[in-house]
Amino acid sequence: MNKKQSQPSLIEASSMLALIIISIAIGVIGIKVTPNIAILFAIGLTFIYAVVKKIPFTQMHEGIIEGLKPGIIPIFIFILVGALIATWIQAGIIPTLMVIGFKVINIKFFVASIFVVCAIIGSAVGSAFTVMSTVGVALFGIGVTLGLDTSLLVGAIVSGSVFGDKMSPLSESTNLTAAVVEADLFKHIKNLMWSTIPAFIIAIILFTLLGINNKTTALNAVTKVINTLEQHFSISVFALIPIGLMFICAWRKLPAIMTILLNIGVAIIMIIIQNPSTKLRSIGTVIENGYIAHTGDKQIDQLLSRGGIESMMPTVALIILTLSLGGLLMETGLIQTVMDSVAKKLTKIPVLILTTLLASIGVNIFIGEQFLSVILPGNAFKKVYQAARLDPVVLGRALEDGGTVINYLVPWGIAGSFVAGTFGVPTLMYLPFVFFSLLSPLFSMVSALTGWGIKKIES
């Protein structure tokens, strides 16, 4: 914010933020317009506020630019993910994973199984987005074939992927949080367990109870799907090569962009080997527009007709609008005023942790970017935690439990819009079933109230 521009008062900032969130809630939940329209309206309100406050348009434009900067890499990754899904389907990678899944995973406890599988793979890979867009898509296809509720399926996939992301030393968000609070990475991960492990246990119990599949038609449907997939795709152990490559890239700590590009390249090579007459132009069309299945089975065609750069454009548009709004709110000083005012009045540890959780959740709602939901409250509350003689890992856990895991529940958030776009299930539909993300802040408060896991700095 321009130094010459006076900061808004706490009442003014709080009132404006409340007006914005109410307008978004009414738009999305009440009127049922798309998040794009609701966010665009909120941007209009913010510009009206800027005009009243006589904030120069050039300054507001700068706010939009600054707001967009954190989203440039995620936007590029999402575009690549669209291409990855399309090529992995055409190369038979996702169909192969589905066939293997049908034969290996316990159908009766399928939902709980995919929660655990995504958690394990996420811990190894360190990227929830990667897990959801690859193995998650295959598991989702299996679940739909079994006639399971799509919202419950997405909730299990997201919960497992996010848990794995939090527990992995390769995770960008986990590394970022440790860096922001200036804590040792592995000490930070160890302290996360006070909330993540109880949330994991309760989540697996809930997924087991809600996901029990006793349908007698399930096995017949599974056999039919396996036969159809084997007839129309190249189902082979060689299709697992990209999965192995994904783990190797994680082990070598390659950036997500390089990992996805390599996997797209390998998938294209596999497509050409399987069908040497395939023209590069047709592969380019699939990468651009997505793979269109023609198996003769409407359900399978619907499941596997997905991916492509174009499929990610609605998500990209929403991210651009959301980050623009966040940049404007930062430039006008509305968010910083509230956080700074609140931070000065905190003394009791439970209240401090609750406020940190709410601040991180608030940044997710107003800005929609999970990294900023860690960075902004982290910088605002760091000195308060130091004054309370609390170890940096305590702040780190609160930021994770209220920040990164919650972004998947915000319809206009980067993670929430990615999930909705990838699986075709609206965020508000799968939100009640993302048990891990919902339970994490609750167990963070249990820790705060009981003192379990609240580590003090030794004098």
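Scroll up for the structure.
Keep in mind the model is a prediction, meaning the values are calculated, not measured.

The next point concerns a nonpolar patch on the surface. Taken together, the side chains of Met193, Ile197, Ile201, Ile202, Ile205, Leu209 and Leu210 present a nonpolar region at the surface, about 600 Å² in accessible area. The residue Leu210 is located in helix α10 (residues 185–211) in this model. By relative accessible area, which is 48% here, Leu210 ends up partly exposed.

This part is about the nonpolar core. The biggest cluster of nonpolar side chains holds 152 residues, and the ones touching the most others in it are Met132 and Leu304. Residues within four places of Leu304 in sequence aside, it is in contact with Ile89, Ile94, Pro95, Met98, Leu229, Phe233, Tyr291 and Ala293.

This brings us to the layout of surface pockets. Within this model, the largest pocket holds a volume of roughly 570 Å³. Residue assignment for the lining of the largest pocket shows that the elements contributing at least two residues are α4 (72–90), α7 (128–145), α9 (172–181), α12 (241–251) and α13 (256–274). With 4 residues, the top contributor of residues to the lining of the largest pocket is α4. A class-by-class count of the residues in the lining of the largest pocket yields 19 nonpolar, 7 polar and 4 charged.

Right, let's get into helix α18 (residues 349–367). Compared with the 27 Å implied by 1.5 Å per residue over 19 residues, the 26 Å span of α18 between its first and last C-alpha is a close match. Burial in α18 covers these residues: Leu352, Ile353, Thr355, Thr356, Leu357, Ala359, Ser360, Gly362, Val363, Asn364, Phe366 and Ile367. Buried residues in α18 make contact with α1 (10–31), α16 (313–331), α17 (334–343), α19 (372–387), α20 (392–404) and α23 (435–450). Phi turns positive, to about 80°, at Gly368, one or two residues after α18.

Looking at the element boundaries, Thr278 is found in the loop between α13 and α14 (280–289). Relative accessible area serves as the criterion here: at 17%, Thr278 is assigned to the buried category. Here the side chain of Thr278 touches Asn275 through a polar contact of 2.8 Å, landing on its backbone oxygen. Setting aside residues up to four positions removed in sequence, Thr278 forms contacts with Ile271 and Ile283.

What the rule picks out here adds up to 6 salt bridges. Lys53 is the salt-bridge partner of Glu12, the closest N and O atoms lying 3.2 Å from each other. With Glu12 in helix α1 and Lys53 in the loop between α2 (35–52) and α3 (57–68), the pair connects residues that are 41 residues apart, well separated along the chain. Judged by its relative accessible area of 24%, Lys53 falls in the partly exposed class. Where Lys166 meets Glu400, a salt bridge forms, and the shortest distance between an N and an O atom there is 2.9 Å. Remark: Glu400 occurs in helix α20 and Lys166 occurs in helix α8 (residues 150–167); sequence separation between them is 234 residues. Taken individually, Lys166 and Glu400 each receive the classification buried, so the pair is uniform in this respect. A cluster of three or more residues bridged by salt bridges with shared partners is formed by Asp165, Lys166 and Glu400.

A few words now on the environment of Ala267. Within the secondary structure, Ala267 is located in helix α13. For Ala267, the residues in contact, after removing those within four places along its chain, are Thr87, Trp88, Ala91 and Ile93.

On to the environment of Ile157, then. Within the secondary structure, Ile157 sits in helix α8. Counting along the chain gives 296 residues from Ile157 to Gly453, while the straight-line C-alpha distance between them is 28 Å. Residue contacts for Ile157: discarding those within four places in its chain leaves Ile114, Cys118, Met132, Gly136, Phe140 and Phe423.

This part is about the packing of α17 against α19. Put simply, α17 and α19 touch, their axes get as near as 10 Å, and they point 20° apart. Considering their axes alone, α17 and α19 lie roughly parallel with respect to each other. In this structure, the crossing between α17 and α19 has a hand that is right-handed. Facing α17, whose interface residues are Met339, Asp340 and Ala343, α19 presents Leu376, Pro377, Ala380, Phe381 and Val384. For the contact of α17 with α19, the residue count by class is 7 nonpolar, no polar and 1 charged.

Scanning all chains against the criterion turns up 13 aromatic pairs. Measuring from ring centre to ring centre gives 4.8 Å for Phe78 and Phe418, while their planes differ by 25°; the resulting arrangement is stacked. Residue Phe78 is located in helix α4, and its partner Phe418 is located in helix α21 (residues 414–423); the two are separated by 340 residues in the primary sequence. Given the relative accessible area of 0%, Phe78 is considered buried. Ring geometry for Phe129 and Tyr408: centres 6.1 Å apart, planes at 65°, overall edge-to-face. Of the two residues, Phe129 sits in helix α7 while Tyr408 sits in the loop between α20 and α21, which places them 279 residues apart along the sequence. Tyr408 shares its class with Phe129; the two are buried. Stacked on the ring of Trp251, the Lys or Arg Arg252 has its end atom at 5.6 Å from the ring centre.

Conventions used here
Residues numbered from 1 in each chain as written. Predicted model: local features only at pLDDT ≥ 70, side-chain atom pairs only at ≥ 80, totals over all residues. Heavy atoms only, no water. Patch = residues over 30% accessible without salt bridge, like charges linked within 9 Å, V, L, I, M, F, W, Y side chains within 5 Å. Areas by Shrake-Rupley, 256 points an atom, 1.4 Å probe, with all protein chains shown as cover. Salt bridge = Lys/Arg side-chain N within 4 Å of Asp/Glu carboxyl O. Helix = DSSP H or I, 4+ residues; strand = E, 2+ residues; numbered from the N terminus. Buried < 20%, exposed > 50% of the residue type's maximum accessible area, 1.4 Å probe, protein only. Core = buried A, V, L, I, M, F, W, Y, C linked by side-chain atoms within 4.5 Å. Contact = heavy atoms within 4.5 Å. 1 Å grid on protein atoms, 1.4 Å probe; cavity = no way out; pocket = protein on both sides within 12 Å on 5 of 7 lines; lining within 4 Å. Points joined across faces, edges and corners; volume = space filled by probe spheres on them. Nonpolar A, V, L, I, M, F, W, Y, C, P; charged D, E, K, R; others polar. Expected span 1.5 Å × (residues − 1). Polar contact = N/O pair within 3.5 Å; in protein donor to acceptor, adjacent residues only side chain to side chain. Axes fitted to C-alpha atoms, helices over the stretch in contact; angles between N-to-C directions. Parallel < 35°, antiparallel > 145°, perpendicular 65-115°, else oblique. Left-handed = near helix turned anticlockwise from the far one by under 90°. Phe/Tyr/Trp six-rings, centres within 6.5 Å; stacked < 30°, edge-to-face > 60°. Lys NZ or Arg CZ within 6 Å of the ring centre and 35° of its normal.

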